[in-house]
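Observations on the model geometry
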Number of protein chains: 2
Amino acid sequence: MDSGLGGLTVARAIRSRLPAENIVYFGDTARLPYGSKTAATVTGFVREIVGYLLPLNPKHVVVACNTATALALSAVRADFPGVSISGVIEPGALAATALTEHLPDPVFGVLATEGTVASGAYEKILMRGRPGATVVQQPAPLLVPIIEEGRDGSDPIVKLALRQYLMPLLARRPDVIVLGCTHYPILRDEIERIAGPDVAIVDAAGPCAEDIAGKLGASGQLRQGGEGWIRYFVTDKVPRFARMASAFLGTDIGRPVWVAPEELHATHPSEAIDRDMSRVG
Amino acid sequence: MDSGLGGLTVARAIRSRLPAENIVYFGDTARLPYGSKTAATVTGFVREIVGYLLPLNPKHVVVACNTATALALSAVRADFPGVSISGVIEPGALAATALTEHLPDPVFGVLATEGTVASGAYEKILMRGRPGATVVQQPAPLLVPIIEEGRDGSDPIVKLALRQYLMPLLARRPDVIVLGCTHYPILRDEIERIAGPDVAIVDAAGPCAEDIAGKLGASGQLRQGGEGWIRYFVTDKVPRFARMASAFLGTDIGRPVWVAPEELHATHPSEAIDRDMSRVG
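Residues take numbers from 1 onward in each chain, read along the sequence in its written order. Whichever chain is written first becomes A and whichever ligand is written first becomes 1, with later ones labelled in order. pLDDT decides what is reported in this predicted model: residues at 70 or higher carry local features, side-chain atom pairs at 80 or more are listed and counted, and totals for whole chains, interfaces and linings draw on all residues regardless. The basis for every side-chain value is the complete set of non-hydrogen atoms in the structure, without hydrogens or water.

1. Topic: the overall build of chain A
Helix numbers and strand numbers start at the N terminus; a helix is a DSSP run of H or I with at least 4 residues, a strand a run of E with at least 2. In terms of helices and strands, chain A carries 12 helices and nine strands. Viewed in the frame of its principal axes, chain A has a C-alpha envelope of about 55 × 45 × 40 Å. Throughout this description, buried means an accessible area under 20% of the type-specific maximum (1.4 Å probe, protein chains only), exposed means over 50%, and partly exposed covers the range between. Each of the 281 residues in chain A was classed as buried or not, and the buried ones make up 59%. Note on contacts: a residue pair qualifies if any of its non-hydrogen atoms lie within 4.5 Å across the two residues. Sequence-distant contacts in chain A: of pairs separated by 6 or more residues, those separated by 24 or more amount to 74%. Working definition of accessibility: Shrake-Rupley area with a 1.4 Å probe, residue cover restricted to the visible protein chains. Approximately 11300 Å² of chain A is accessible, and the part contributed by carbon and sulfur atoms is 53%. Computed over 27 positive and 30 negative side-chain charges, the inter-centroid distance for chain A is 1 Å. Counted as positive: Lys and Arg. Counted as negative: Asp and Glu. His and the chain ends are not counted at all. One atom stands in for each charge, and that atom is NZ of Lys, CZ of Arg, CG of Asp or CD of Glu.

In structure tokens form, the structure reads like this:
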């Protein structure tokens, strides 16, 4: 689950690492973005969505949104104690610390939403792994709207916004910059260009998929052989979602199933699929 | 009601035109922005909010958001036939046509959200008033996030975004540019600077307040004397709202009452006020 498109970077990594698994992707397009909203609001949204997905009996649920991970993961884990749920912050932070093992006192930059920065979630895990490290955080509230609008790295507003957000981080000469929002890898090329060759850029998608592969393997739940499918649910039927998701994943994703926020409590996902199939347009 | 801060431009105009009236301002900060969402989603949100406000017996309800007016006003009027409800598009469009009465074939520019542009709502009213007119619309999806982030006209990203959005309008040599989103007047100075002295800039706030004064006067409901109060409700308790609203209105608005989206069906506004009073923090 994600607020919108960002979690697709994680879905793509899971698809590539675990091609036999079936994936249900849930984008909360009616209520996005999450990044500037409070823990109470984001936790309410994530709780509804995880509860909605449970009748599908997922082997694992990934909160593929850094803001939701930072603000809601522990609360939602407590709400659903029998369900395997992971987030994107720990895998990304551990990948970042692993990259700096050879350095005495690494400097980490974290580019994230306001909610993720304010939570201090990255700082906590990075400092636990590398107690001598320096962690510099930078909130970047405009990047999600910019990406959801479909602007790419060649757009002058994208270049200017990235420069505004990255310069304070780069001034501290970081060894690694963590892309602390699942949307940001969509602008990764431009971020790498601005950061230059001496800064490693880490995002959570690959490490998160690896983490899930490990969890499913350890519990003997990996699906053997066959090709898994991926199905999409959205809370608002914005035409942009299918267009941008298809472009990003390099394959036509078809029409996502639409389930309005007020239906999340009342509708079974299979009913929503059936109903959507019979809808025109 | 508005998705967030934008409707404050209308609230300020109502306050100034009708200082004796009491105002309840509702900002849907948990689910903003509305501008890139569909009619079904926005109508669902507006219906919930208007239904929530009804126990307060409002003399009049203003949908102080252009996207909500364009996508939801007629549906919500039909849902609540006994309630006086108006929007911001008609007053703004009529003010624009009035300005061009002396011109043979006026050119109107409309700067608005994607939802408002796609609805064609401005075009319809402008062309009805001036059948010989040319209407050029420009969607500006980044402006609301930029304004909600608190950036002002001096910020280089604001200047660049305004230039990107205004240049295609200015190339058509408009007589009037309508600010078709209640957020945009917050950047009015910079918009006027870019547009130059030959283009009139119109926003809906003043005309909308005038329209309400006319309606209340005609039905004999104007409050005589005394000083009205204004009270704020929000769906997410974001600290930014009170800070930015206080700055914009030039007075400390205190702490808005928080009512989460899932409580809109179940809580009476007076209960929310009482509960909020007893909450800490």
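Don't stop here, the text continues.
2. Describing the environment of E90 of chain A
Residue and element names in this part refer to chain A. The topology assignment puts E90 in helix α4 (residues 89-99). Residue class for E90 comes out partly exposed when judged on its relative accessible area of 40%. Note: C-alpha distance between E90 and A121 (31 residues apart in sequence) is 8.7 Å. Any N or O atom pair separated by 3.5 Å or less is treated as a polar contact, with the protein-specific requirement of one donor-capable and one acceptor-capable atom, and with residues adjacent in sequence counted only for side-chain atom pairs. Reaching out from E90, the side chain makes a polar contact with the side chain of R128 at a distance of 3.4 Å.

3. Let's talk about the packing of aromatic side chains
Residue and element names in this part refer to chain A. Pairing of aromatic side chains here covers Phe, Tyr and the six-membered ring of Trp, requires ring centres within 6.5 Å, and sorts the geometry by plane angle: under 30 degrees stacked, over 60 edge-to-face, intermediate tilted. Within this structure, the stated rule accounts for 14 aromatic pairs over all chains. Between the aromatic rings of Y25 and Y232, the centroid separation amounts to 5.9 Å while the plane-to-plane angle is 50°, which identifies the pairing as tilted. One end of the pair, Y25, is in strand β1 (residues 23-27); the other, Y232, is in strand β8 (residues 230-234), with 207 residues separating them in the sequence. Assessed through its relative accessible area of 3%, Y25 is described here as buried. Classification of Y232 by relative accessible area gives buried; the value is 4%. Linked through ring pairs, Y25, Y232 and F241 together constitute an aromatic cluster.

4. Overview of the side chain of N66 of chain B
Residues and elements named next belong to chain B. By secondary structure assignment, the location of N66 is in helix α3 (residues 66-79). At 2.5 Å, the side chain of N66 forms a polar contact with the side chain of Y122. Contacts of N66, omitting those with residues within four sequence positions, involve V88, I89, T116, Y122, G180, C181 and T182.

5. Some thoughts on unusual backbone geometry
Residue and element names in this part refer to chain A. Cis peptide bonds are those with omega within 30 degrees of zero, and the linkage from L32 to P33 qualifies with -5°. By the element assignment, P33 lies in the loop between β1 and α2 (39-53). Here N57, not a glycine, exhibits a phi torsion of approximately 50°, which is positive. Position of N57 among the secondary structure elements: in the loop between α2 and β2 (61-62). The backbone of R173 shows a phi angle near 50°, a positive value even though the residue is not glycine.

6. Concerning the relation of the copies chain B and chain A
Turning one copy of the chain about an axis and sliding it along that axis gives the other copy, so a rotation and a shift relate them. C-alpha atoms of residues with pLDDT of at least 70 in both copies form the basis for the least-squares superposition of the copies. With an RMSD of 0.0 Å, the operation that places chain B on chain A is a rotation of 180° combined with a shift of 0.0 Å along the axis. Expressed as a symmetry operation, the mapping of one chain copy onto the other fits a two-fold axis. Across chain B, the smallest distance between a C-alpha and the rotation axis is recorded for R31 of chain B, namely 2.3 Å. Of the interface residues in chain B, 100% have counterparts in chain A that sit at the interface too, so the contact is made through matching surfaces.

7. Notes on the interface of chain B and chain A
On the chain A side, the residues contacting the 32 residues of chain B number 32 residues. Together chain B and chain A conceal approximately 2400 Å² of surface at their shared face, both sides included; 59% is due to carbon and sulfur atoms. Accessible surface is computed with a 1.4 Å probe, and the buried area is the amount of it that two parts give up when combined, taken over both parts together. The largest contributions to the chain B side of the interface with chain A come from L142, I157 and Q164 of chain B, which together make up 20% of the buried area. The salt bridge criterion pairs a side-chain nitrogen of Lys or Arg with a carboxyl oxygen of Asp or Glu, the two atoms within 4 Å. Summed over the shared surface of chain B and chain A, the result is two salt bridges. Salt-bridge contacts for E114 of chain B lead to R240 of chain A; the nearest nitrogen and oxygen are separated by 2.6 Å. On the surface where chain B and chain A come into contact, there are 16 residue pairs in polar contact (both at pLDDT 80 or more). For the side of chain B that touches chain A, the secondary-structure elements that each account for two or more residues are α2 (39-53), α7 (143-148) and α8 (156-170) of chain B. Among the elements that make up the side of chain B that touches chain A, the one with the highest residue count is α8 of chain B (six residues).

8. Looking at the sheet that holds strand β9 (residues 257-258) of chain B
Residues and elements named next belong to chain B. In short, DSSP must find at least two bridges between two strands for them to pair. Strands sit in the order β1-β8-β9 across an open sheet of three strands; the sheet is parallel. Both outer strands of the open sheet, β1 (23-27) and β9, are each paired with one neighbouring strand and no more. The pairing of β1 with strand β8 (residues 230-234) spans five bridges and is classified as parallel. Looking at β8, one finds that F26 is bridged to F233. Contacts between helix α1 (residues 8-17) and the sheet are confined to β1 and β8, with β1 contributing the most and set at about 175° to the helix. Axes, fitted as lines to C-alpha atoms, cover a helix only where it is in contact. Angles between the N-to-C directions of the axes lie from 0 to 180 degrees.

9. Observations regarding the sheet that holds strand β6 (residues 176-180) of chain B
Residue and element names in this part refer to chain B. Spatially, four strands are ordered β5-β4-β6-β7 in an open sheet, and the strand pairing comes out parallel. Each end of this open sheet is capped by a strand with a single partner; those strands are β5 (134-139) and β7 (200-203). Each adjacent strand pair in this sheet contributes to an overall mean axis angle of 20°, direction not counted. For β6 and β7, the ladder comprises four bridges, and the chain directions are parallel.

10. Details of α3 of chain B
Residues and elements named next belong to chain B. Its 14 residues place the ends of α3 19 Å apart at the C-alpha level, agreeing with the 20 Å of an ideal helix rising 1.5 Å per residue. Bend at a given residue is defined as the angle between two axes, one fitted to the seven residues that end at that position and one fitted to the seven that begin there. Within α3, the axis deviates most sharply at A72, by approximately 65°. Listed as buried for α3 are N66, T67, A68, T69, L71, A72, L73 and V76. Lining the buried residues of α3 we find α2, β3 (85-86), α4 (89-99), α5 (114-119), α6 (121-129) and β6. Under the convention used throughout, the expected extent of a helix is 1.5 Å for every residue step, that is, one less than its residue count.

11. Details of helix α8 (residues 156-170) of chain A
For α8 of chain A, which comprises 15 residues, the first-to-last C-alpha distance of 20 Å matches the rise-based estimate of 21 Å (1.5 Å per residue) to within 8%. Q164 of chain A marks the point of greatest bend in α8 of chain A, at about 30°, and the proline P168 of chain A comes within the next four residues. Along α8 of chain A, the residues classified as buried are I157, V158, A161, L162, Y165, L166, L169 and L170 of chain A. Considering only its buried residues, α8 of chain A is in contact with β4 (107-112), β5 (134-139), α7 (143-148), β6 (176-180) and α9 (188-195) of chain A together with α8 of chain B. Between the side-chain oxygen of the N-cap and the backbone nitrogen of I157 of chain A there are 2.7 Å, and the N-cap of α8 of chain A in question is D155 of chain A.

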